[in-house]
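# Analysis of the macromolecular model
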Amino acid sequence: MSGKNVFQKIIDREIPAEIVYEDDKCIAFKDIHPAAPVHVLVVPKQLIPTLNDVTSEDEATLGHLFIAAKAVAEKLGLAGGYRVVINCGPDAGQEVMHVHLHLLGGRKFGWPPG
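Residues numbered from 1 in each chain as written. Predicted model: local features only at pLDDT ≥ 70, side-chain atom pairs only at ≥ 80, totals over all residues. Heavy atoms only, no water.

This next bit is on the sheet that holds strand β2 (residues 26-30). Strand order across the open sheet formed by 5 strands is β1-β2-β3-β5-β4, with antiparallel pairing between neighbours. Sheet topology places β1 (19-22) and β4 (82-85) at the edges, where each strand pairs with a single neighbour. Strand after strand, the sheet turns through a mean of 20° between neighbouring axes, direction not considered. Here β1 runs beside β2; their pairing, made up of 3 bridges, is antiparallel. Looking at β2, one finds that Ile 19 is bridged to Phe 29. Against the sheet, helix α2 (residues 59-75) contacts β1, β2, β3 (38-44), β4 and β5 (101-105), and its axis sits at roughly 150° relative to β3. (Pairing = 2+ DSSP bridges. Helix = DSSP H or I, 4+ residues; strand = E, 2+ residues; numbered from the N terminus. Axes fitted to C-alpha atoms, helices over the stretch in contact; angles between N-to-C directions. Contact = heavy atoms within 4.5 Å.)

This part is about the pairing of β2. In terms of burial, β2 is largely enclosed, as 4 of its 5 residues are buried. Taken together, the 5 bridges between β2 and β3 define a ladder with antiparallel strand orientation. Within β3, the residue paired with Ala 28 across the bridge is Val 42. (Buried < 20%, exposed > 50% of the residue type's maximum accessible area, 1.4 Å probe, protein only.)

Glancing now at the state of the cysteines. Within the structure shown, the criterion is met by 0 disulfides. Left without a disulfide partner, Cys 26 is nearest to the cysteine sulfur of Cys 88, which lies 20 Å away. Under the relative-accessibility criterion, Cys 26 is labelled buried at 0%. Among the residues examined, Cys 88 registers a relative accessible area of 26% and is labelled partly exposed. (Disulfide = S-S within 2.5 Å.)

Okay, the pattern of salt bridges next. A pair can form between side chains of opposite charge whenever their charged atoms are brought close. Applying the stated criterion to the full structure yields 6 salt bridges. Taking the shortest distance from any N to any O, the salt bridge between Arg 13 and Glu 22 comes out at 2.5 Å. The class of Arg 13 is partly exposed, set by a relative accessible area of 46%. Residue classification places Glu 22 among the partly exposed positions, given a relative accessible area of 34%. Close ionic contact of Glu 22 with Lys 45 constitutes a salt bridge, the shortest N to O distance being 2.9 Å. Remark: Lys 45 occurs in the loop between β3 and α2 and Glu 22 occurs in strand β1; sequence separation between them is 23 residues. Note on Lys 45: relative accessible area 24%, which makes it partly exposed. Put simply, Lys 4, Asp 12 and Glu 14 are held in one network by salt bridges that share partners. (Salt bridge = Lys/Arg side-chain N within 4 Å of Asp/Glu carboxyl O.)

Here it is, written out as structure tokens:
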């Protein structure tokens, strides 16, 4: 049995996903359980389990995720705005232990969330 998480299997093309963006550092694909009309996950190709595992060496990777999220938002026509969410750990709703951004849009959002 492989020790890969589901995101790594998508990155390695072992399971299908509806990919909307990819470059050498990250991949973005539609969430299979969307919480908004647009719900895309932006995932680094480098495995970082949670935000608690981030080190100073990950600074460029994490910054790149936000640049990619902006490109995805532009590509998907989210000119009216969008929300970016990062969950850290099971109590925050992180289900896959691989850092990722949730890019949500296509409707108005309230505050506070959750």
